[in-house]
Amino acid sequence: MLTTDYVPGAPNWLDLGAPDTEAAVAFYGSLMGWRFESAGPEAGGYGFFTLGRKTVAAVGPLTEEGARSAWTPYFHTRDAEETARTVEQSGGTVRLAPFDVFEEGRMAQFTDPGGARFAIWQPGRTAGLDAVNDPGALCWTELHSPDPPRDLAFYRKVFGWDAEEMSFPGGAYTVLMTTGAGREGSFGGVAQLQEGHSTPPQWLPYFEVADCDAVVAKGQDLGGSVLMPAMSAEGIGRMAWLADVVRAPFGVIASGGPGA
């Protein structure tokens, strides 16, 4: 499970790139109860989503030409330069080379061989998000890949992740875990991107919620759209995929909720 005791390879940050940050702030404020705190005038419009004074995500304007609205997960690294070299050597693309974010840490952004975007965070004064798994916070990260075996091999070279395949009627799902931690270190999964699906290869964040169906209904009322209707998975919970008002996809789940 996710934890704020960050270890190499674990998700430790998450941010939303949006063409209209004010619209995104208003949407998530109403839907998730998040408050926005600016990182300051020198941060170029970047700021933090907080819940109960704890940072649960961040948001900023799109800065790359042709970029689409999307959530980007960051994974913990002890050496941003070494990770960037490994990404290139393993078939990925460095979109933004490692650089310092004031004294808070060091980051870089990449694209994997399948086209999904992700980033890394080497902690300085900021280790990562202040809360995960709580209602309103990140609880899972899921890669939607056109070629799961290829992309899994890439990430295992970059982060050393362990993986376990789980079969279910009609398909398979791979659970991702930090190195040597077993199931206690699980933080996400890899799923086959379905042919003809409207979304591109991507990392999809899931946020824990108390009532999945209520959040889906409210998300629509606020101008969002449903990408996958609420469904129950035995022993897991009730989940759905939404797109927010700037068309960035995300998931919500009521873990172990009604119908699980």
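Everything quoted here is computed from the prediction, not taken from an experiment.

Let's talk about the overall build of the chain
And then number 1: Scanning the chain for helices and strands turns up four helices and 16 strands.
And then number 2: A globule of 260 residues ought to have a C-alpha radius of gyration of about 18 Å, and the chain, at 17 Å, matches this closely.
And then number 3: Projected onto the principal axes, the alpha-carbon positions of the chain cover approximately 45 × 45 × 35 Å.
And then number 4: A burial count over the chain gives 49% of its 260 residues as buried.

Focus on the sheet that holds strand β1 (residues 11-18)
And then number 1: Taken in spatial order, the eight strands line up as β2-β3-β4-β1-β5-β8-β7-β6 in an open sheet, and their pairing is mixed. At either end of the open sheet lies a strand with only one pairing partner, and these are β2 (35-38) and β6 (93-101). Adjacent strand axes in the sheet meet at a mean angle of 30° when their direction is disregarded.
And then number 2: Here strand β5 (residues 70-76) pairs with strand β8 (residues 117-123) via three bridges, running parallel. Of the residues in β8, the one forming a bridge with Tyr-74 is Ala-119.
And then number 3: Together, β6, β7 (105-111) and β8 form the strand contacts of helix α2 (residues 80-89), whose direction differs from that of β6 by roughly 175°.

Thoughts on the state of the cysteines
And then number 1: Scanning all chains against the criterion turns up zero disulfides.
And then number 2: Note on Cys-139: no disulfide assigned, nearest cysteine sulfur contributed by Cys-212 at a separation of 11 Å.

Considerations on the UniProt feature "domain: VOC" (unreviewed entry) in the chain
And then number 1: Here the UniProt feature "domain: VOC" (unreviewed entry) sits at residues 10-123 and 137-259.
And then number 2: Summarising residues 10-123: 19% helix, 48% strand, and an end-to-end C-alpha distance of 12 Å.

Considering the domain arrangement of the chain
And then number 1: For the chain, the assigned domains are domain 1 (10-123) and domain 2 (137-255).
And then number 2: Domain 1 puts 37 residues into the contact, and the matching count from domain 2 is 35 residues.
And then number 3: Roughly 2900 Å² is buried in total at the junction of domain 1 and domain 2, and carbon and sulfur atoms are behind 77% of that figure.
And then number 4: Its largest share of buried area at the contact with domain 2, domain 1 owes to Phe-27, Leu-31 and Phe-75, together 19% of the area lost on that side.
And then number 5: Linking domain 1 with domain 2 are zero salt bridges.
And then number 6: Our count for the contact surface shared by domain 1 and domain 2 stands at five residue pairs in polar contact (both at pLDDT 80 or more).
And then number 7: Of all the secondary-structure elements, those providing two or more residues to the side of domain 1 that touches domain 2 are β1, α1 (21-32), β5, α2 and β8.
And then number 8: No other element matches α1, which puts seven residues into the side of domain 1 that touches domain 2.
And then number 9: Residues belonging to the side of domain 1 that touches domain 2 are distributed by class as follows: 23 nonpolar, 10 polar and four charged.

Quick look at helix α3 (residues 148-159)
And then number 1: Look at α3: 16 Å from first C-alpha to last across 12 residues, which is about the 16 Å you get at 1.5 Å a residue.
And then number 2: Regarding α3, the residues found buried are Pro-148, Asp-151, Leu-152, Phe-154, Tyr-155, Val-158 and Phe-159. Along α3, the residues classed as buried sweep out an arc of 155° about the axis, all on the same side. Opposite the buried face of α3, by more than 90 degrees, sit the exposed residues Pro-149 and Lys-157.
And then number 3: Gly-160 occupies a position one or two residues after α3 and carries a positive phi of about 70°.

With respect to the pairing of strand β15 (residues 237-243)
And then number 1: The buried fraction of β15 is high, at six of seven residues.
And then number 2: Pairing analysis gives six bridges linking strand β14 (residues 225-233) to β15, with the strands arranged antiparallel. Within the sheet, the bridge partner assigned to Met-231 lies in β15 and is Met-239.
And then number 3: Hairpin connection of β14 to β15: three residues between the antiparallel strands, including Gly-235 at a positive phi of 80°.

Quick look at unusual backbone geometry
Excluding glycine, residues mostly have negative phi values, and the peptide bonds linking residues are mostly trans.
And then number 1: Notably, Arg-53 is not glycine yet its phi reads approximately 70°, a positive angle.
And then number 2: Turning to its location among the elements, Arg-53 is positioned in the loop between β3 (47-51) and β4 (54-61).
And then number 3: Using a relative accessible area of 84% as the deciding quantity, one classes Arg-53 as exposed.
And then number 4: Although it is not a glycine, Arg-247 sits at a positive phi angle of roughly 70°.

Side note on the packing of α1 against helix α4 (residues 212-221)
And then number 1: Two numbers describe how α1 lies on α4: the axes approach to 10 Å, and their chain directions differ by 150°. When the axis of α1 is compared with that of α4, the two are roughly antiparallel. When the axes of α1 and α4 are compared, the crossing they make is right-handed. Between α1 and α4, the residues in contact are Phe-27, Ser-30 and Leu-31 and Val-215, Lys-218 and Gly-219, respectively.
And then number 2: Looking at the contact of α1 with α4 residue by residue, the class counts come to three nonpolar, two polar and one charged.

So, how was this worked out
- Residue numbers restart at each chain and count upward from 1, following the sequence in its written direction.
- Totals for whole chains, interfaces and linings use all residues, but because this is a predicted model, local features are given only for residues with pLDDT of at least 70 and pairs of side-chain atoms are given and counted only at 80 or more.
- Heavy atoms throughout the structure, all of them, feed into the side-chain values; hydrogens and water do not.
- By the criteria applied, helices consist of DSSP H or I runs no shorter than four residues and strands consist of E runs no shorter than two, each listed in order from the N terminus.
- Both definitions apply: the radius of gyration is a C-alpha atom measure, and the globule rule equals 2.2 Å times residues to the power 0.38.
- When accessible area is computed with a 1.4 Å probe and restricted to protein chains, residues below 20% of their type maximum are described as buried, those above 50% as exposed, and intermediate ones as partly exposed.
- Should DSSP find at least two bridges between two strands, the strands are regarded as paired.
- Axis definition: a line fitted to C-alpha atoms, limited for helices to the stretch in contact. Angles are taken between N-to-C directions and run from 0 to 180 degrees.
- Contacts: residue pairs with any heavy atoms within 4.5 Å of one another.
- The disulfide definition used here is simple: a pair of cysteine sulfur atoms within 2.5 Å.
- UniProt positions are given in the numbering used here, feature names are shortened, and annotations may be inferred rather than shown by experiment.
- Per the annotation, domain bounds derive from an automatic or database assignment of domains.
- Buried area: the accessible surface (1.4 Å probe) lost by two parts on joining, summed over both.
- In what follows, salt bridge is the name for a side-chain nitrogen of Lys or Arg lying within 4 Å of a carboxyl oxygen of Asp or Glu.
- Definition of a polar contact: a pair of N or O atoms within 3.5 Å, with one able to donate and the other able to accept a hydrogen when the atoms are protein atoms, and with sequence-neighbouring residues admitted only if both atoms are side-chain atoms.
- Each residue is assigned to one of three groups, with Ala, Val, Leu, Ile, Met, Phe, Trp, Tyr, Cys and Pro labelled nonpolar, Asp, Glu, Lys and Arg labelled charged, and all others, Gly among them, labelled polar.
- Expected span, for any helix, means 1.5 Å times one less than how many residues it has.
- Working definition: the arc comes from the directions between the helix axis and the C-beta atoms, pointing outward to the latter.
- Note on angle classes: values under 35 degrees are labelled roughly parallel, values over 145 roughly antiparallel, values of 65 to 115 roughly perpendicular, and the remainder oblique.
- A crossing counts as left-handed when the near helix is turned anticlockwise from the far one by less than a right angle, and as right-handed when that turn is clockwise.

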